[in-house]
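# Per-entry structural report
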Amino acid sequence: MTSTPWWKEAVIYQIYPRSFFDSNGDGEGDLPGITSHLDYVQKLGVDAIWLSPFYTSPNKDGGYDVANPRDVDPRFGNLSDFETLIDRAHELSLRVVVDIVPNHFSDRHAWFQAALAAGPGSPERNRFHFYDANPDGTPPNNWISLFGGPSWTQVEDGQYYLHLFDSSQPDLNWENNEVRDDFEKTLRFWLDLGVDGFRVDVAHGLVKENIRENHPDPQGLSDALRLDVDMDIEKRNALLMSVPFFDRQGVHEIYRSWRKIFDSYIGREIMAVAEAWVHPPINATLYVRPDELHQVFNFDLLTAPFDEDFLFDVISRSIALTATVKALPTWALSNHDSPRVASRIGDAQSRALAVFVLALPGSAYVFAGQELGLPDGKLRDADRQDPAFLRTNGEVKGRDGARVPLPWSGEQSPFGFTTGTPWLPIDPLWKSLTVEVEDLDPQSTLNLYRQALTLRKIHLTGVEQMQWLQSSNSEVKSANLLIFQRGPLQITMNLAEHAQEIEAKGQVILISSGSLEVHGEKWLLPPYSCIWSLN
Ligand code: NOJ
């Protein structure tokens with residue numbers, strides 16, 4: 001065992017199985033498709049993969065509606081395909097992290113079907129949050145689902161059940177020991193099959209309080225929880241402090257018990273990363289106290305503007321906060337729930353920011369396709385499948401744009417992803433963004449990521465600290481520049497749309513785009529670029 005656990009500074013590549021590679025021509029990616037492309041992932045230079053759910057599911061919410069958490073959905077293959085995948089990954093020295101979805105099951109899960117059949121007051125209903133209607137027939141409270149509409153659905157006998165997400169995703173009652181035991185069984189099931197860690201979905205949501213009480217501003221709360229709704233920051237923060245179903249202190253005891261399970265797999269260095277959208281930010285660190293989980297996602301960069309003050313603040317804050325519990329931060333620019341970074345801030349900017357972020361201390365997550373510089377797919381409403389789109393009658397466009405399958409090769413859509421019809425259409429313009437094209441182009445985003453990941457391993461492994469050298473917030477003021485030192489590297493990002501001069505220092509080993517002009521003792525940085533220099 002090494003003294004630094006593998007996950008501390010790992011780069012973890014998120015695979016959305018449905019969109020990665022289709023091995024059988026049904027238009028959807030699958031486990032054999034992933035296995036056959038793990039050499040591509042290894043060549044990228046990442047340390048691990050995180051697989052979004054591939055469990056038995058009616059797929060109402062991209063597999064986050066789990067009907068059997070201990071089996072593989074036939075659309076993705078079977079358990080033996082999973083075993084082959086994990087063996088191949090380990091052969092290639094890639095760790096495997098899988099999703100676990102403890103906040104809710106699918107309504108197709110045997111427990112929910114049993115709860116419907118068993119009726120009010122039964123032990124089967126007690127595994128979920130079933131409540132009688134109010135005397136006037138209305139739901140037990142006024143909470144709004146995160147996908148829009150009420151968070152309660154009425155069943156035939158008049159009771160309501162709680163679902164923070166889609167009505168097909170009934171929330172589990174974590175005060176029920178059967179729920180706890182079942183999840184421990186699920187953790188052990190996948191650990192015994194060899195997984196190296198878990199990404200814990202809605203980790204902050206398992207415990208609810210005051211279910212019988214209305215929230216004073218349910219619509220405001222719902223808007224505050226949506227990243228696409230603009231809101232005064234003070235108002236949003238105040239609302240986020242009042243969420244009765246997130247970040248209740250009871251969740252921590254659950255993770256303490258999970259940690260004991262992880263640690264009982266001696267020598268395996270099992271890790272877990274929490275998806276926890278909490279406020280105030282200091283609360284996120286509670287999930288990574290030494291006896292709880294290992295990492296917590298930092299979502300600040302998913303919505304961050306390409307702005308030096310903003311970036312300086314969120315990066316400094318993340319590092320300082322996680323240090324209070326002796327943990328390191330995590331960084332993510334894109335995932336399956338948010339617009340892709342290239343669409344959000346622009347192509348050159350997203351290359352610069354990626355190179356910048358990959359030099360920061362801690363662990364970085366890369367969402368499959370990000371390394372190709374993929375934008376969001378342009379979709380017609382008729383193609384959309386996200387429940388957030390369907391539950392809001394199209395008011396919220398949803399997350400399908402970020403989930404369009406990867407373009408692998410060839411001139412024509414679907415670019416080798418499938419021999420059939422892809423589950424979401426792939427833009428014909430993506431022919432310049434295929435793996436095949438980018439592999440051969442030394443200036444491509446793919447080769448930029450490969451270089452950055454190689455250099456990160458060589459120069460930054462084991463270097464936990466970074467020091468800001470320049471930012472508009474620091475004493476040495478300079479607009480549109482961020483500079484920090486980490487180990488032997490100086491990382492300099494020009495956030496301006498014009499070239500900027502800086503003092504030359506050391507030898508440039510990486511540049512995100514454009515080329516560097518040397519003017520005597522000065523370097524002229526291209527617009528929207530980031531360089532790594534070795535000194
Ligand atoms: C977070 C997941 O990332 C998202 O895709 C899903 O819809 C919700 N949790 C509900 O499970």
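Fair warning: this is a prediction, and the values are worked out from it, not measured in the lab.

Cut-offs and rules
Residues numbered from 1 in each chain as written. Predicted model: local features only at pLDDT ≥ 70, side-chain atom pairs only at ≥ 80, totals over all residues. Heavy atoms only, no water. UniProt positions renumbered as here; feature names shortened; annotations may be inferred. Helix = DSSP H or I, 4+ residues; strand = E, 2+ residues; numbered from the N terminus. Near = heavy atom within 4 Å. Polar contact = N/O pair within 3.5 Å; in protein donor to acceptor, adjacent residues only side chain to side chain. Nonpolar A, V, L, I, M, F, W, Y, C, P; charged D, E, K, R; others polar. Domains from an automatic or database assignment. Buried area = accessible area lost by both parts, 1.4 Å probe. Salt bridge = Lys/Arg side-chain N within 4 Å of Asp/Glu carboxyl O. Core = buried A, V, L, I, M, F, W, Y, C linked by side-chain atoms within 4.5 Å. Buried < 20%, exposed > 50% of the residue type's maximum accessible area, 1.4 Å probe, protein only. Pairing = 2+ DSSP bridges. Contact = heavy atoms within 4.5 Å. Axes fitted to C-alpha atoms, helices over the stretch in contact; angles between N-to-C directions. Phe/Tyr/Trp six-rings, centres within 6.5 Å; stacked < 30°, edge-to-face > 60°.

## A short note on the UniProt feature "domain: Glycosyl hydrolase family 13 catalytic" (unreviewed entry) in the protein
- UniProt records the feature "domain: Glycosyl hydrolase family 13 catalytic" (unreviewed entry) at residues 14-403, using the numbering of this structure.
- Split by type, residues 14-403 is 31% helix and 12% strand. Its first and last C-alpha atoms lie 12 Å apart.

## Things to note about the site of the ligand
- Near the ligand there are 13 residues, and of these D61, D201, H336, D337 and R399 occur at the shortest range.
- Between the ligand and the protein, one listed contact pairs an oxygen atom with a side-chain N or O atom of D337 at 2.4 Å.
- A class-by-class count of the residues in the shell around the ligand yields four nonpolar, two polar and seven charged.

## Some thoughts on the domain arrangement of the protein
- Domain assignment breaks the protein into domain 1 (11-100 + 196-206 + 246-453) and domain 2 (463-534).
- Relative placement of domain 1 and domain 2: their C-alpha centres are 29 Å apart.
- Counting each side, the surface lost to burial between domain 1 and domain 2 is near 2200 Å², with a carbon and sulfur contribution of 71%.
- Counting every contact that joins domain 1 to domain 2 gives zero salt bridges.
- Put simply, domain 1 and domain 2 have six residue pairs in polar contact (both at pLDDT 80 or more) between them.
- Elements represented by at least two residues in the side of domain 1 that touches domain 2 include exactly α10 (308-323), α12 (347-357) and α15 (445-460).

## Let's talk about the nonpolar core
- Formed by 141 residues in total, the largest nonpolar core has its most connected members in Y13 and W532.
- Of all the elements, α15 adds the most residues to this core, at seven residues.
- Inspection of this core shows a minimum of three residues originating in each of domain 1 (11-100 + 196-206 + 246-453) and domain 2 (463-534).
- Judged by nonpolar contacts, the second largest core, of 15 residues, contains W152, L162, V202 and A388.

## A short note on the sheet that holds strand β11 (residues 295-296)
- Across the sheet, eight strands lie side by side as β11-β10-β9-β5-β2-β1-β13-β12; this open sheet has parallel pairing. The sheet is open, and its two edges are formed by β11 and β12 (330-332), each paired on a single side.
- In this sheet, strand β5 (residues 95-100) lies alongside strand β2 (residues 48-51) in parallel orientation, the contact comprising four bridges. Across the sheet, the residue bridging to I49 is V96, located in β5.
- With respect to the sheet, helix α5 (residues 177-192) is in contact with β5 and β9 (197-200), its orientation differing from that of β5 by roughly 160 degrees.

## Overview of the packing of aromatic side chains
- According to the stated counting rule, one finds 35 aromatic pairs in the structure shown.
- Relative to W408, the ring of F20 has its centre 5.3 Å away and its plane inclined at 90 degrees; by these criteria the two rings are edge-to-face. Residue F20 is located in the loop between β1 (11-15) and α1 (31-35), and its partner W408 is located in the loop between α13 (387-391) and α14 (435-440); the two are separated by 388 residues in the primary sequence.
- Look at W408 and you get buried, because its relative accessible area is 7%.
- Taken together, a centroid distance of 5.8 Å and an interplanar angle of 20 degrees make the contact between F198 and F262 stacked. Placement of F198 in strand β9 and of F262 in helix α8 (residues 251-264) is noted, with a sequence separation of 64 residues between them.
- By relative accessible area, which is 1% here, F262 ends up buried.

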